[in-house]
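# Observations on the three-dimensional arrangement
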Amino acid sequence: MTDTCTEAPSTYAASAEFAAQANATADLYDHANRDRLGFWAAQADRLSWQTPFSQVLDFSDAPFAKWFVDGRLNVAYNCVDRHVEAGLGERVAIHWEGEPVGDRRTITYGELYTDVCRAANALTGLGLRAGDRVAIYMPMVPEAVVAMLACARLGVMHSVVFAGYSAAALKARIDDAEAKLVITTDGQYRRGQAVPLKESVDEAISAGTDASTVEHVLVVRRTGIETPWSEGRDVWWHDVVNSASPEHTPEAFDSEHPLFLLYTSGTTGKPKGIIHTSGGYLTQTAYTHHYVFDIKPETDVYWCTADIGWITGHSYVVYGPLANGATQVLYEGTPASPDEHRHFEIIEKYGVTIYYTAPTLVRTFMKWGRDIADAHNLSSLRLLGTVGEPINPEAWRWYRDVFGANETPIVDTWWQTETGAAMISPLPGVTVCKPGSATRPLPGISARVVDDNGNLIEPSPELGEHASGYLVLDAPWPSMLRGIWGDQDRFRETYWSRFAEQGWYFAGDGARYDLDGNIWVLGRIDDVMNVSGHRISTAEVESALVGHSHVAEAAVVGASDEHTGQAIIAFVILQADSADGGKHMVDELRAEVAREISPIARPKEIHVVPELPKTRSGKIMRRLLRDVAEGRELGDTSTLLDPAVFEAIRNAR
Ligand code: PRX
């Protein structure tokens, strides 16, 4: 254990000042416990319904839920029009910062209204009707948000495909959804360079033998680079959107009308098109955004760094914040362009008050060193958040210290593409935070940690806190997925078969309770190792390794071992200033893990490597590391950001 760890407190309560002004109060839990459905009905009342719902939940056809039955609403109206009608047309909705320095736009709710109406009219002109699918393949430009809202306004489902994905990945998603339209840009900026994007759309549409379902490609001119053009099929955004009428009357759709599809990876390699619908999804994103981020729309400047290609970008860049009338930052580029100061400059420039990002980025900032952050005035920040993976306590403390002046609450939010919105998270101002734990299910949400037979795993002073189990959601929630596009058998099989008897949703994550009843999410089940009959999470071992002052990043996998079932194999990147990657360091790190967790968690092998294999969304691809650790041919590397890293890893072994 490093010195900082031994001395650091294990719990962090919000300041009295924060608690006094917090949106959340402890009685939310009481309300939800007393009357769960009444609680959700009250949350749904934050929205504007054209026809009120007659029933909160109908789960008679489980696992297919209907929330806010018979209610009708328009999602885009709720995110835009109603704020303008309330006299907030002048409020900034989006401070957009392009990747090239100096490239910026400010978009008010009034302007967003006009843009969304024009785009909706243009889409109608291109033949789109409620129920159709549109693929959106765009960088983080305001038009991407406008495109999503225009689809929502028309009851057309969007399927946003991350603009870092290949043409092949785009094609698979277009084909599966049978999209009629693709919205894209001519190109995008990548570390200062304009690179083509629409070319990939052309490739996706023309590849294969079957005719594509795509009738039109709508192209935003972003970079001005030369773009291939198919007359009749391709249309410029500035031609058809800018000339469209700025008035559009929204139609109300059923609460269960599908809102979007979002593809996420499964275990089979074929991406799953996760289906989300309207009323329940918007209710829970707006509710969680209000309480978890303590949003004060009049004064806060909120920044969620996620790309719209992921669920976090859907729920906490587009729908949640806009439903709440928030002012937010939208940034097009990477954190290191043109240099490592960029995020800090943006926080300083716009006076960002709430900052929500991924632990992997926090660890990157740590690697860069605190001098970069310290060169900026970050005093506007009052709340921090993380999502996407367990955050190691070391990174949590660094984040709070360096970004949050040792003061701000941090909300570690656990959720998934499938859950649509945050599920387990502290309520800032109410919950005592513990670094590394997402703490408790939010009011209205029910989760538990169980063993194979569905028995609750209860921590006890005798057993300690290391018994882990499966995280399940044992009650339906409004923003739950409504299925997998075109494959409802897979939906049942993946999420509902493991605990079919109990009717619980199987999240695919391992978790444990601590003695205070907080939940610690340990990572995907396939990331939980079994060593000599002991369950040990890769995340726990990684956290121990990263807790060592010389380690910048670590990835741990369980490799088959004839003696112990699985053996722990670690890959570590050392801090820039620690040159020693030799045996001495490896021994020290093994001892550190034994000290931090237990001798049974001591890695069998530790390899010092220059890079880790990551997906474009920043997730470490443990599957591939397992292949390396077990000396196999590498599996599918198509979603890797940089396939060349394996050369370096192999050389380092
Ligand atoms: O393993 C959990 C991890 O990310 C998974 C969901 O990934 P995705 O669908 O891509 O959505 C990410 C953004 C919501 C989960 O099954 N995960 C997400 N948040 C946390 C987390 N693990 C631990 N702590 C979290 N806060």
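See the structure above.
Our subject in this report is the structure included herewith. Residue numbering note: each chain is counted from 1, following its sequence as written. Since the coordinates come from a predicted model, pLDDT governs what is reported: local features require at least 70, and pairs of side-chain atoms require 80 or more to be given and counted, while whole-chain, interface and lining totals use all residues. To get the side-chain values, take all heavy atoms of the structure and skip hydrogens and water.

### What to know about empty space enclosed by the protein
We count it as follows: Only protein atoms enter the calculation, which uses a 1 Å grid: trapped sets of points that fit a 1.4 Å probe without letting it out are cavities, open sets showing protein on both sides within 12 Å along at least five of seven lines are pockets, and any residue with an atom within 4 Å of a point is a lining residue. Grid points are joined across faces, edges and corners, and a volume is the space filled by probe spheres set on the points. The secondary structure listing takes helices from DSSP runs of H or I that are at least 4 residues long and strands from runs of E that are at least 2 residues long, numbered from the N terminus. Under the grouping applied here, Gly and all other residues not named as nonpolar or charged are polar, the nonpolar ones being Ala, Val, Leu, Ile, Met, Phe, Trp, Tyr, Cys and Pro and the charged ones Asp, Glu, Lys and Arg.
Inspection of the entire model under this criterion finds five cavities of 30 Å³ or more. As a volume, the largest cavity reaches approximately 60 Å³. Secondary-structure elements contributing two or more residues to the lining of the largest cavity are helix H7 (142-154) and strand S14 (258-264). Taken together, the residues of the lining of the largest cavity break down into eight nonpolar, four polar and no charged.

### Digging into the sheet that holds strand S11 (residues 216-220)
Let me state the cut-off plainly: Pairing between two strands requires that DSSP report at least two bridges joining them. To obtain each axis, a line is fitted to C-alpha atoms, and for helices this fit is confined to the stretch in contact; angles are then taken between N-to-C directions over 0 to 180 degrees.
Spatially, seven strands are ordered S12-S11-S8-S6-S7-S14-S15 in an open sheet, and the strand pairing comes out mixed. Looking at the sheet topology across the chains shown, the edges are occupied by strand S12 (234-236) and strand S15 (272-277). When the angles between neighbouring strand axes are averaged without regard to direction, this sheet yields 25°. Here S14 pairs with S15 via six bridges, running antiparallel. When the bridges of S15 are listed, Phe260 appears paired with His276.

### Here we look at the side chain of Thr185
Keep this limit in mind: Burial here depends on accessible area, computed with a 1.4 Å probe over protein chains only, as a share of the maximum for the residue type. Under 20% is buried, over 50% is exposed, and the range in between is partly exposed. Two N or O atoms form a polar contact when they lie within 3.5 Å of each other; inside protein one atom must be a possible hydrogen donor and the other a possible acceptor, and for residues adjacent in sequence the pair counts only when both atoms belong to side chains. Two residues form a contact once any of their heavy atoms are found within 4.5 Å.
The topology assignment puts Thr185 in strand S8 (residues 181-185). Under the relative-accessibility criterion, Thr185 is labelled buried at 0%. Reaching out from Thr185, the side chain makes a polar contact with the backbone oxygen of Gly187 at a distance of 2.9 Å. With sequence-adjacent residues up to four places away left out, Thr185 is seen in contact with Tyr137, Met138, Pro139, Val141, Leu197, Lys198, Val219, Val220 and Arg222.

### Here's the deal with the environment of Asp412
With respect to the helices and strands, Asp412 occurs in strand S20 (residues 410-413). Since its relative accessible area comes to 5%, Asp412 is described here as buried. In this structure, the C-alpha to C-alpha distance between Asp412 and Ala422, residues 10 residues apart in sequence, is 9.7 Å. With sequence-adjacent residues up to four places away left out, Asp412 is seen in contact with Thr386, Ile391, Ile424, Ser425, Pro426, Gly436, Ser437 and Ala438.

### Quick notes on the sheet that holds strand S24 (residues 519-524)
Pairing in this open sheet of four strands is antiparallel, and the strands run S21-S22-S23-S24 from one edge to the other. Strands at the two margins of the open sheet, each flanked by one partner only, are strand S21 (447-450) and S24. With strand direction ignored, the average angle separating the axes of adjacent strands in the sheet is 45°. As paired elements, strand S22 (residues 469-473) and strand S23 (residues 505-513) share four bridges and run antiparallel to each other. The partner of Gly469 across the bridge, within S23, is Ala511.

### So, the pairing of strand S5 (residues 104-108)
Where strand S4 (residues 92-97) meets S5, five bridges bridge the pair, whose relative direction is antiparallel. Opposite Glu97, over in S5, you have Arg104 as the bridge partner. Counting the residues that bridge the hairpin from S4 to S5 gives six residues, and of these Gly102 lies at a positive phi of roughly 95°.

### A few points about the site of the ligand
Put simply, the rule reads: Proximity criterion: a residue is near a molecule or strand once any of its heavy atoms comes within 4 Å of it. The Shrake-Rupley method, run with a 1.4 Å probe, gives the accessible areas here. Residue values count only the displayed protein chains as cover.
For the ligand, the set of nearby residues contains 16 residues, the closest of which are Asp412, Thr413, Thr417, Asp509 and Arg524. Note that an oxygen atom of the ligand is positioned 2.6 Å from one of the side-chain N or O atoms of Asp509. A total of 540 Å² of accessible area belongs to the ligand in isolation, and the protein chains cover 89% of it. Breaking the shell around the ligand down by element, the ones donating at least two residues are helix H12 (311-323), S20 and S24.

### A few points about the state of the cysteines
Stated formally: Disulfide: a pair of cysteine sulfur atoms within 2.5 Å of each other.
Following the criterion strictly, the structure yields zero disulfides and no others. The thiol of Cys79 is unpaired, and the distance to the nearest cysteine sulfur, on Cys151, comes to 13 Å. A disulfide-free cysteine, Cys117 has its sulfur positioned 13 Å from the sulfur of Cys79, the nearest such atom. Since its relative accessible area comes to 0%, Cys117 is described here as buried.

### Side note on the environment of Arg104
Among the secondary structure elements, Arg104 is positioned in strand S5. Judged by its relative accessible area of 43%, Arg104 falls in the partly exposed class. The spatial distance from the C-alpha of Arg104 to the C-alpha of Asp489 is 46 Å, given a sequence separation of 385 residues. Excluding anything up to four places from it in sequence, Arg104 contacts Trp96, Glu97, Lys349 and Tyr350. For Arg104, the side chain forms a polar contact with the side chain of Tyr350, separated by 3.3 Å.

### Quick notes on the pairing of strand S7 (residues 157-160)
We count it as follows: Orient the strands so they point away from the viewer, and a crossover whose first-strand-to-second-strand path over the helix runs clockwise is right-handed.
Of the two faces of S7, the one holding Met157 and Ser159 and the one holding His158 and Val160 are both buried throughout. Pairing of strand S6 (residues 133-137) with S7, which is carried by four bridges, proceeds in the parallel orientation. The partner of Ala135 across the bridge, within S7, is Ser159. What joins S6 to S7 is H7, and the crossover it makes is right-handed. Both S7 and S14 contribute to a ladder of two bridges, which runs parallel. Of the residues in S14, the one forming a bridge with Ser159 is Leu261.

### Description of the nonpolar core
The nonpolar side chains of soluble globular proteins are, as a tendency, buried together. Which entries qualify depends on this criterion: The set of buried Ala, Val, Leu, Ile, Met, Phe, Trp, Tyr and Cys residues whose side-chain atoms join them within 4.5 Å is what this entry labels a nonpolar core.
Counting residues in each nonpolar core, the largest one holds 122 residues, and the members touching the most others are Leu112, Leu149, Ile183, Tyr319 and Leu471. In this structure Leu112 touches Val80, Ala93, Ile107, Val146, Leu149 and Leu322, once residues within four positions along its chain are discounted. Val352, Ile372, Ala373 and Leu378 belong to the second-largest nonpolar core, a separate cluster that totals 29 residues.

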